[in-house]
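Each chain, written out:
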Amino acid sequence: MDNNNRNKDPNHNRQGWGIILVTTLLVTFMVMGLYSMMRGSGPEEISYDKFLSMLEDKKVQEVNLSSDRIYITLTDEARQEEFEESGQAGNPGNVFSQLQEQMQSGGSAGSTDEDTGRNPDYYTGYVNDYTLVDKLDEAGVEFSREPADTLGQTLLELFITVILPIGLMAIMLVWLMRKMTKGGGMMGIGKSNAKMYMEKETGVTFQDVAGEDEAKESLQEVVDFLHNPGKYSGIGAKLPKGALLVGPPGTGKTLLAKAVAGEAKVPFFSLSGSAFVEMYVGVGASRVRDLFKQAQQQAPCIVFIDEIDAIGKTRDSSLGGNDEREQTLNQLLAEMDGFDTNKGLLILAATNRPEILDPALLRPGRFDRRIIVDKPDLKGRVEILKVHAKDVRMDESVDLEAIALATSGAVGSDLANMINEAAINAVKHGRQVVSQKDLFEAVEVVLVGKEKKDRIMSKEERRIVSYHEVGHALVTALQKNTEPVQKITIVPRTMGALGYVMQTPEEEKFLNTKKELEAMIVVALGGRAAEELVFDTVTTGAANDIEQATKIARAMITQYGMSERFGLMGLESIQNRYLDGRAVLNCGDATAGEIDEEVMKMLKAAYEEAKKLLAENRETLDKIAAFLIEKETITGKEFMKIFREVKGIPEPDEPEEGAPAEREGRISMKPAEDSRPAAGGE
Ligand code: ADP
C-alpha cells in the first residue's frame, strides 16, 4: 500500500526525544558551569604547613574558620609582596577573586571578611592541631567562626546541583506528556492524519481486480449500499459497518478496497494498523479517535486499515500485556460501535493472520463480514496477467495461459511484477514488444532471481552441478506422476541456486495423490543421488532439496494420513494458513520421536529409489549431463530428445499406446510405459 505520509510520526518521536536530550544536556552544562564558578572563583588552596609559616611570618591578618576549611586573609603588605612575586594583585593565580573583590560580592566560597570587606586569599584544610588557637593568638590574628554562612552555602549548592535540574526536567516532561496526549501542536504526536493517506478518487474499479470473483461479489453489495443508503435503511436493513479482507500478501486486498471506493465514487482513507501502535500509552487510542472524527466528517467514504492484526491481536490477560495496544483496540471497538452507518462510512480492514484477531473485533456490528481473497487459481492468474498485459505491447508468441500454468502459487503482485520484468527485459534487448521468452525469463527472475553472470564456477563444480540437475530431471522423466521438465540450467541465480530444473504442470491441480507426493520426494533427492553415484562423494548443494523432501514426507505423515504407522491421526495443524503455513505438532514427545523415525525411513527409501533409477540409466545421465555442461541451459524438448534416443523410444509423432502426444508449445514428459522401472511403489 502506498502511503506518502507514513514516515512522519517516527520523525515526531525523534524530535520529542531530541528535545528532551538537548534540554538535559543544557541543564547539566548550566549546573556544572554554575557549580564550577562557585567553587573555582574562591580562594586558592595552600598547605597547612604554608599557612603556619605565613602565621609565623605575620602575614596573616584574619582567619575564618568554617566547618571544613580555614579561610585566610593576608595583611595588605603580605598581599603586595605576593603580588610582586607573581605579578598579580591579590590572590595570585586567581582572577575571579580580583573580580569578586571589586564587586564586593560575598556568599560564594568562604565568607567575606566583614572588617576588611575583602574576600579571603587562601584556604586550607583542618589538621588536628590543638595549638592552632594559641598560635593565632600569638600571631595577633583575628579569628572567627561563622556556621550560618556554611549552612547557607550548602543549601545553595544543594539547590543548584539537585533541586534545580530535577525541577527543570520535571517541567519538560510534563510539557511533553501534555503534548502527546492532547495531540496536534508542534509535534502532533497524537494526530492521526500524520499517517493517513487519502485519495479523493481512487480511479480503481472492479475491472482492475482480476479473479477474486467471490470477493468482488460480496463487495458489490457494499458499493450498492454506499450508492443508495436509503434503499437499505428504508426497509429497515442494517448496513454493514466493516468487512475484513483475509488472504495472503499480494493477493489484491488493498486493490479491492480501493476498487470499492472507486466504484462507489467516495474518498478513500487508508492507513496501516501498525501506524497506531506507539510506545506512549494513549497515543494509539487518540489516533483512532481522530481517524473516526475525520472520516465521519468526510462521509460517505471508505476507511481502509491494512494489517489490522497489529492492533487487533487477541488481548491477553497475562501479566505484561501490551497496554497501549489494548487501549487502541478498545478505542477502535468503541468507535466501531458508535458511528452511524447511515452516513455511509465503511471500514475495510485487511489481514493475513485472521486467527490471531480478537473475537470482539469480529462480532456482529463490527468486522462481521469476512471476505476471503485467496491465491488465484489458473483462471485467476490468466485474468490477472491479462489485466496487467493490457498496457504492454506483446507479440503473437505470447501465451499467457502457459505462463499462468508455470506460476502455480504466484499471487497478483508477483504476476504484475513478472509482466513488468518482461517488459524491462525486452527494452534491455532493444526490442519493441514483449515475447514469450521474456515472460518466461521474468518468471524465473521472480522465482529464483536474476542470472548471476559474474559467478565463475570451476570446471569440477560445473560438472557436479550439471549431474545434480540432470539427476533431478532424469528421475522426473523416469517416474510416473511427475510434472514435465521445462528447462534445465546450470547458470547460477542471485537467490542462491547454482542451477535448477524448471517443471511445468500440464494442468492445474488442487489435489495431490500419495503416489505424486512420493515421486516428488524421489525427484527432490535425485540431485544428491546423482552426485553420490557419479562422484562417490556428496556436496552441500542438496540442502534445499533435503529440506523440501523432508517437508513433504513430514506432511504426508502428520497431516495427510498417508503413513501406515500413524494412519489417519492428525498430528500437526497449520498455524497461519495465509502466511508461511507453518505447522505445529499436537502430539506427545514420544510420538514426535516416532514421527521423526518414520520421516527418516521414508526419505531413506526415496533416496535408494532415486539412486537405483539413476544407476539403471547411467548412460542417459552421462549423455545429458555432458550436453548440459556444454550448453549451460537446455530445454525440456532437448532433454527429452536425448532421453528418447538413448533409451530407443520413438519420437512422439508416432506415439505408443499410453504415451501422450506432445501438445503444441508444451512438453509432455510422461515416459512410455516400457521405459519405467518396475519398482518405485507403482
Ligand atoms: P495486498 O493488499 O493483498 O497485500 P495489494 O492489493 O497491495 O495486495 O496488491 C499489490 C499489487 O498487485 C496491486 O497493486 C496490483 O498491481 C497487483 N494485484 C494483486 N492482486 C491483483 C488482482 N487480483 N488483479 C490485478 N492486480 C492484482
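Structure first, text after, so check above.
These figures come from a predicted structure and were not determined experimentally. (Residues numbered from 1 in each chain as written. Predicted model: local features only at pLDDT ≥ 70, side-chain atom pairs only at ≥ 80, totals over all residues. Heavy atoms only, no water.)

Participant: Is there a simple way to explain the sheet that holds strand 3 (residues 69-74) in this structure?
Facilitator: The strands making up a sheet associate through hydrogen bonds between their backbones, and the pairing can be parallel or antiparallel. If you trace the five strands from one edge of the open sheet to the other, you get 1-4-3-2-5, paired in mixed fashion. Looking along the sheet, the strands with just one partner apiece sit at the ends: strand 1 (44-45) and strand 5 (142-145). Sheet topology note: the strand 2 (residues 60-65)/strand 5 ladder contains four bridges and is parallel. The residue of strand 5 that forms the bridge with Asn64 is Ser144. (Pairing = 2+ DSSP bridges. Helix = DSSP H or I, 4+ residues; strand = E, 2+ residues; numbered from the N terminus.)

Participant: Even after reading the chapter, I still don't get the pattern of salt bridges, so can you show me in this structure?
Facilitator: According to the stated counting rule, one finds 27 salt bridges in the structure shown. The closest approach of N and O atoms between Glu421 and Lys450, which form a salt bridge, is 3.7 Å. Of this pair, Glu421 sits in helix 15 (residues 412-428) while Lys450 sits in the loop between helix 16 (436-448) and helix 17 (459-478), and the two are 29 residues apart along the sequence. (Salt bridge = Lys/Arg side-chain N within 4 Å of Asp/Glu carboxyl O.)

Participant: Just checking my understanding: could you explain the nonpolar core for this structure?
Facilitator: As a rule of thumb, soluble globular proteins bury nonpolar side chains together. Membership of the largest hydrophobic core comes to 51 residues, with the highest contact counts inside it found for Leu474, Ile488, Ile521 and Phe639. Those elements giving two or more residues to this core turn out to be helix 17, strand 12 (485-489), helix 18 (514-535), helix 19 (543-558), helix 20 (589-616), helix 21 (618-631) and helix 22 (636-647). Here this core takes ten residues from helix 18, the largest share from any one element. Leaving out residues up to four positions away in the same chain, Ile521 has contacts with Ala549, Ile552, Ala553, Met556, Leu603 and Ala606. Residues Val387, Leu415, Ala442 and Met502 belong to the second largest nonpolar core, which totals 28 residues. (Core = buried A, V, L, I, M, F, W, Y, C linked by side-chain atoms within 4.5 Å. Buried < 20%, exposed > 50% of the residue type's maximum accessible area, 1.4 Å probe, protein only. Contact = heavy atoms within 4.5 Å.)

Participant: So what exactly am I meant to see when it comes to the site of the ligand here?
Facilitator: Residues in close proximity to the ligand total 15 residues, the closest being Ala210, Gly250, Lys253, Thr254 and His388. Between Gly252 and the ligand, the recorded distance is 3.1 Å, taken from a backbone N or O atom to an oxygen atom. Lys253 places a polar side-chain atom, nitrogen or oxygen, 2.9 Å from an oxygen atom of the ligand. Look at the ligand: alone it shows 560 Å² of surface, and the protein chains cover 80% of it. Those elements giving two or more residues to the shell around the ligand turn out to be helix 9 (253-264), helix 13 (378-389) and helix 15. Take the shell around the ligand: its biggest share by element is three residues, from helix 9. (Near = heavy atom within 4 Å. Polar contact = N/O pair within 3.5 Å; in protein donor to acceptor, adjacent residues only side chain to side chain. Areas by Shrake-Rupley, 256 points an atom, 1.4 Å probe, with all protein chains shown as cover.)

Participant: Just checking my understanding: could you explain a nonpolar patch on the surface for this structure?
Facilitator: Taken together, the side chains of Leu151, Leu155, Leu158, Phe159, Val162, Ile163 and Ile166 make up a nonpolar region of the molecular surface, amounting to roughly 660 Å² of accessible area. Positionally, Ile163 belongs in helix 6 (residues 147-182). The class of Ile163 is partly exposed, set by a relative accessible area of 46%. (Patch = residues over 30% accessible without salt bridge, like charges linked within 9 Å, V, L, I, M, F, W, Y side chains within 5 Å.)

Participant: Hey, could you run me through the side chain of Gln436 in this one?
Facilitator: Inspection of the secondary structure puts Gln436 in helix 16. Relative accessible area serves as the criterion here: at 12%, Gln436 is assigned to the buried category. A distance of 2.8 Å separates a polar atom in the side chain of Gln436 from the backbone nitrogen of Asp399. Residues within four places of Gln436 in sequence aside, it is in contact with Asp395, Ser397, Val398, Asp399, Ala402 and Ile403.

Participant: Quick question: what am I supposed to make of the pairing of strand 9 (residues 301-306) here?
Facilitator: Here is the key point about a regular strand: its side chains alternate between the two faces of the sheet. Most of strand 9 is tucked away, with six of its six residues classed as buried. Where burial is concerned, the two faces of strand 9 agree: the one with Cys301, Val303 and Ile305 and the one with Ile302, Phe304 and Asp306 are both buried. Two elements, strand 8 (residues 268-272) and strand 9, share five bridges in a ladder whose sense is parallel. From the neighbouring strand, Ser270 faces strand 9, where its bridge partner is Phe304. As paired elements, strand 9 and strand 10 (residues 345-351) share five bridges and run parallel to each other. Opposite Ile302, over in strand 10, you have Leu346 as the bridge partner.

Participant: Got a minute to help me understand the packing of aromatic side chains in this structure?
Facilitator: Each pair of aromatic rings is reported with the distance of its centres and the angle of its planes. What the rule picks out here adds up to five aromatic pairs. For the ring pair Tyr71 and Tyr123, a centre distance of 6.0 Å and an interplane angle of 50 degrees mean the geometry is tilted. With Tyr71 in strand 3 and Tyr123 in strand 4 (residues 122-125), this residue pair connects regions lying 52 residues apart in the sequence. By relative accessible area, which is 14% here, Tyr123 ends up buried. Between Phe639 and Phe643 the ring centres are 6.3 Å apart and the planes differ by 25 degrees, which places this aromatic pair in the stacked class. With Phe639 and Phe643 both in helix 22 and four residues apart, this pair spans about one turn of that helix. Phe639 sits in the buried class, given a relative accessible area of 0%. Overall, the relative accessible area of 0% leaves Phe643 in the buried class. The ring of Tyr122 carries the charged tip of Lys50 above its face, separated from the ring centre by 5.7 Å. Lying across the ring of Tyr123, Arg69 places its NZ or CZ 4.2 Å from the centre. (Phe/Tyr/Trp six-rings, centres within 6.5 Å; stacked < 30°, edge-to-face > 60°. Lys NZ or Arg CZ within 6 Å of the ring centre and 35° of its normal.)

Participant: What is the right way to look at the sheet that holds strand 12 in this model?
Facilitator: Strand order in this open sheet of three strands is 13-12-16, and the pairing throughout is antiparallel. On the outer flanks of this sheet lie strand 13 (500-503) and strand 16 (633-635), each paired with one strand and no other. On average, adjacent strands in this sheet sit at an angle of 15 degrees to one another, irrespective of strand direction. In this sheet, strand 13 lies alongside strand 12 in antiparallel orientation, the contact comprising four bridges. Counterpart to Lys487 in the pairing with strand 13 is Met502. Along the sheet face, helix 16 touches strand 12 and strand 13 and points at about 120 degrees away from the line of strand 13. (Axes fitted to C-alpha atoms, helices over the stretch in contact; angles between N-to-C directions.)

Participant: What is the right way to look at helix 9 in this model?
Facilitator: Given 3.6 residues per turn, any residue in an α-helix points the same way as the ones three and four places further on. The end-to-end C-alpha distance of helix 9 is 17 Å, a good match for the 16 Å that twelve residues give at a rise of 1.5 Å each. For helix 9, the complete set of buried residues consists of Lys253, Thr254, Leu256, Ala257, Lys258, Ala259, Val260, Ala261, Gly262 and Ala264. Contacts made by the buried residues of helix 9 are with strand 6 (197-199), helix 7 (213-227), strand 7 (242-246), strand 8, strand 9 and strand 10. Remark: Lys265 follows helix 9 within two positions and exhibits a positive phi of approximately 55 degrees. (Expected span 1.5 Å × (residues − 1).)

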